[in-house]
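Summary of the model geometry
Here's the letter readout for the chains.
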Amino acid sequence: MNKEDKIVSNKSKSSSPFGKLEGASSSLVIINYGAGNIKSIQFAFKRLGVEAILSNNPDEIIAADKVIFPGVGEASSAMKMLKESGLDKLIPSLKQPVLGICLGMQLMCKHTEEGDTKGLGIFNAEVKRFSNKVKVPQMGWNTISNLKSDLFKDIKDNEFMYLVHSYYVENCDESIATSNYDLEYASALENDNFYGVQFHPEKSGLKGSKILQNFLNL
Amino acid sequence: MLTKRIVPCLDIKNGRTVKGVNFVDLRDAGDPVVLAKQYADLGADELVFLDIAATIENRRTMHDMVLKVAEQVNIPFTVGGGISSVEDVDDLLHCGADKVSINSSAVKRPDLINELSQKFGSQCVVVAIDAKQVDGEWLVHLAGGTIPTDIRLFNWAKEVEERGAGEILFTSMNHDGTKAGFANEALAHLSELVNIPIIASGGAGTIQHFVDTFKDGKADAALAASVFHFGEIPILELKEELKQQGIPVRL
């Protein structure tokens, strides 16, 4: 059975519980799989006037217009939680815009050095640890440059974003923003309907909010 | 380039800020949420809320405050005071805190650091260390600096890093409240010793003190309370001066 079949069958099994969502003009789901500070993301959207739904239910996630894939913590345990709920199969099959934040973005890559963990393979990129030439984690406000995506509409080069991370995504073809710490790395990625940001737009002031608004507008 | 952080610290008692705060244009300077929003707008990079009267009874009050701050403030914040278990941290993170700061509880039971970093990730575990230099030796103190221990600052800093702390908030009891500058020698030594960010605390009185703690003390962030609360050092002016002096800041 391929991924598509499995999801269709999941959906057909339970057609009623989320019937109330049908017809909603716009819905935003934050995937709730036990990793991370999702409250902050939910509040950030609330400040934009959007009520985000927290969910790990496949039907609800598939039905959403936009999906946020958050993540804070350790990669291998987060991936374990995704597998337990079958979300590791569901997320790569989504067709609507999906935004991975922080560890969420790293898990969307093909592999991470953290716990030698295989990722979802949505982005063809490797996740590596910063060297000990710099303090790890990188913690604080750094700039994003080389912006090339509608996600960054009206965001100027060298805007400051808040980051907290010990692992980074190597600069690659899918990079839509870069930052410098230890080396130049990809601080945002895009592949089709999938987007990822290493920084925390929900904690990055008004410019961060603007990026979340841009995501809603995609 | 990663910038140096300016971190105002708010002391909280029963859900209200204490130590008079003197912002002329605030409708309620005792309301931590109003104050936090103000600081975020003025250019603070991060905030710390310290529950100075942490008791089981007023834990709910603190949770309510954290929820309100998370709802309205769009920069990161740390919550400290009275945190002694994984459950305490779970509750605070669920209310929307980005990081928690532990102090005495980590000294009493160092395994707490390992437990927290394994469960929630190092990035949200700040270990606060209050230390005092006694006869040339920096010794860790507990309970807001009132109880001396025989634990040496530098040994303890190394240990908390190894146990998984993501950051160290170092307060020099010799400098705290003096407004005579930060403990830059000890800070620089800490920064060389461990490979996690160090927040300097205690002694801020002038803009030059911040310049010095970033340059000489090699601090990654600087925390202060009264100089910000009483408007003695406007954050924007401080950051402009830091930039002038070649220190990377978010402006």
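Note on numbering: residues in each chain are counted from 1, in written sequence order. Written order determines the labels here, with chains lettered from A and ligands numbered from 1. Local features in this predicted model are restricted to residues whose pLDDT is 70 or higher, and side-chain atom pairs enter the listing and the counts only when it is 80 or higher, whereas totals over whole chains, interfaces and linings include all residues. For the side-chain quantities, the full set of heavy atoms in the structure was used; hydrogens and water were omitted.

**Points about the interface of chain B and chain A**
Note the cut-off: Residue contacts are defined here by distance: any two heavy atoms, one from each residue, within 4.5 Å place the two residues in contact. Summed over both partners, buried area is the accessible surface (1.4 Å probe) that two parts give up on being assembled. Take a side-chain nitrogen of Lys or Arg and a carboxyl oxygen of Asp or Glu: if they are within 4 Å of each other, that pair is a salt bridge.
Contacts between chain B and chain A engage 38 residues on the former and 29 residues on the latter. Each partner contributes to the roughly 2,500 Å² buried at the junction of chain B and chain A, and carbon and sulfur atoms together form 54% of this total. When the buried surface of chain B facing chain A is broken down by residue, Leu2, Asn74 and Asn195 of chain B rank first, second and third, together holding 27% of it. Counting across the interface, chain B meets chain A through three salt bridges.

**Let's talk about the confidence of the model for chain A**
What counts, and what does not: The quantity called pLDDT is the predictor's confidence in a given residue, expressed from 0 to 100.
Per-residue pLDDT for chain A averages 89, and the proportion of residues at 70 or more is 88%. Under a pLDDT of 50 for its full length, residues 1-24 of chain A has, in the predicted model, 19 contacts with residues more than four places off or in other chains.

**Re helix 2 (residues 59-72) of chain B**
Let me state the cut-off plainly: By definition, any uninterrupted DSSP run of H or I lasting at least four residues is a helix, any uninterrupted run of E lasting at least two residues is a strand, and each is numbered from the N terminus. One less than the number of residues in a helix, times 1.5 Å, gives the span that helix is expected to have. With a 1.4 Å probe rolled over the protein chains alone, any residue whose accessible area is under 20% of its type maximum counts as buried; one over 50% counts as exposed, and the rest are partly exposed. As used here, the arc belongs to the directions running from the helix axis to the C-beta atoms.
With 14 residues, helix 2 of chain B should cover 20 Å at 1.5 Å per step; its first-to-last C-alpha distance of 20 Å lies within 8% of that length. Among the residues of helix 2 of chain B, Met62, His63, Met65, Val66, Val69 and Ala70 of chain B are the ones counted as buried. Viewed end-on, helix 2 of chain B has its buried residues packed into an arc of 160°, placing them on one side of the element. The elements touched by buried residues of helix 2 of chain B are helix 2 (38-47) of chain A together with strand 1 (5-13), helix 1 (32-42), strand 3 (47-51), strand 4 (77-80) and helix 3 (86-94) of chain B.

**Observations regarding the packing of helix 3 of chain B against helix 5 (residues 111-120) of chain B**
All names here are of chain B. So the rule is basically this: Every axis corresponds to a line fitted to the C-alpha atoms, with the helix fit spanning only the stretch in contact, and the corresponding angles, defined between N-to-C directions, vary from 0 to 180 degrees. If an angle is under 35 degrees, it is roughly parallel; if it is over 145, roughly antiparallel; if it lies from 65 to 115, roughly perpendicular; otherwise it is oblique. Handedness of a helix crossing follows the sense of rotation of the near helix relative to the far helix, less than a right angle counterclockwise being left-handed and clockwise being right-handed. Just so you know the grouping, Ala, Val, Leu, Ile, Met, Phe, Trp, Tyr, Cys and Pro go in nonpolar, Asp, Glu, Lys and Arg go in charged, and all remaining residues, Gly too, go in polar.
Relative orientation of the contacting elements helix 3 and helix 5 amounts to 40°, with a least axis distance of 10 Å. When the interaxial angle is binned, helix 3 and helix 5 end up oblique. Here the hand of the crossing between helix 3 and helix 5 comes out right-handed. Residue-level inspection shows Val86, Val89, Asp90 and Leu93 of helix 3 in contact with helix 5, the latter providing Leu112, Glu115, Leu116, Lys119 and Phe120. Tallied by class, residues from the contact of helix 3 with helix 5 come to six nonpolar, no polar and three charged.

**So, the state of the cysteines**
Defined as follows: Any two cysteine sulfur atoms lying within 2.5 Å of each other are counted as a disulfide.
Scanning the model with the defined rule gives zero disulfides over all chains in all. No disulfide involves Cys102 of chain A; its sulfur sits 11 Å from that of Cys124 of chain B, the nearest cysteine. The closest cysteine sulfur to the non-disulfide-bonded Cys95 of chain B is located on Cys124 of chain B, 14 Å from its own sulfur.

**A few points about the UniProt feature "active site" (unreviewed entry) in chain B**
Residue and element names in this part refer to chain B. Put simply, the rule reads: UniProt positions are given in the numbering used here, feature names are shortened, and annotations may be inferred rather than shown by experiment. Only protein atoms enter the 1 Å grid used here. Points where a 1.4 Å probe fits but cannot escape make up a cavity, open sets with protein on both sides within 12 Å along at least five of seven lines make up a pocket, and a residue lines them when an atom lies within 4 Å of a point. Here a polar contact is taken to be a pair of N or O atoms separated by no more than 3.5 Å, where protein atoms must pair a possible hydrogen donor with a possible acceptor and residues adjacent in sequence count only if both atoms sit in side chains.
As annotated by UniProt and renumbered to match this structure, "active site" (unreviewed entry) occupies Asp11 and Asp130. Lining residues of the second largest pocket drawn from the annotated set just named are Asp11 and Asp130. Relative to the helices and strands, Asp130 resides in strand 6 (residues 125-134). The class for Asp130 is buried, based on a relative accessible area of 10%. Look past the residues within four positions of Asp130 in its chain and what remains in contact with it is Asn103, Leu139, Val140, His141, Gly144, Gly145, Thr171 and Met173. A polar side-chain atom of Asp130 sits 3.3 Å from a polar atom in the side chain of Asn103.

**Re the pairing of strand 7 (residues 123-129) of chain A**
Residues and elements named next belong to chain A. Short version of the rule: Think of it this way: DSSP has to see at least two bridges between two strands before they count as a pair.
The pairing of strand 5 (residues 109-112) with strand 7 spans three bridges and is classified as parallel. Within strand 7, the position partnered with His111 by the bridge is Glu126. Where strand 7 meets strand 10 (residues 167-170), three bridges bridge the pair, whose relative direction is antiparallel. Each residue of the ladder has a partner; that of Arg129, found in strand 10, is Tyr167.

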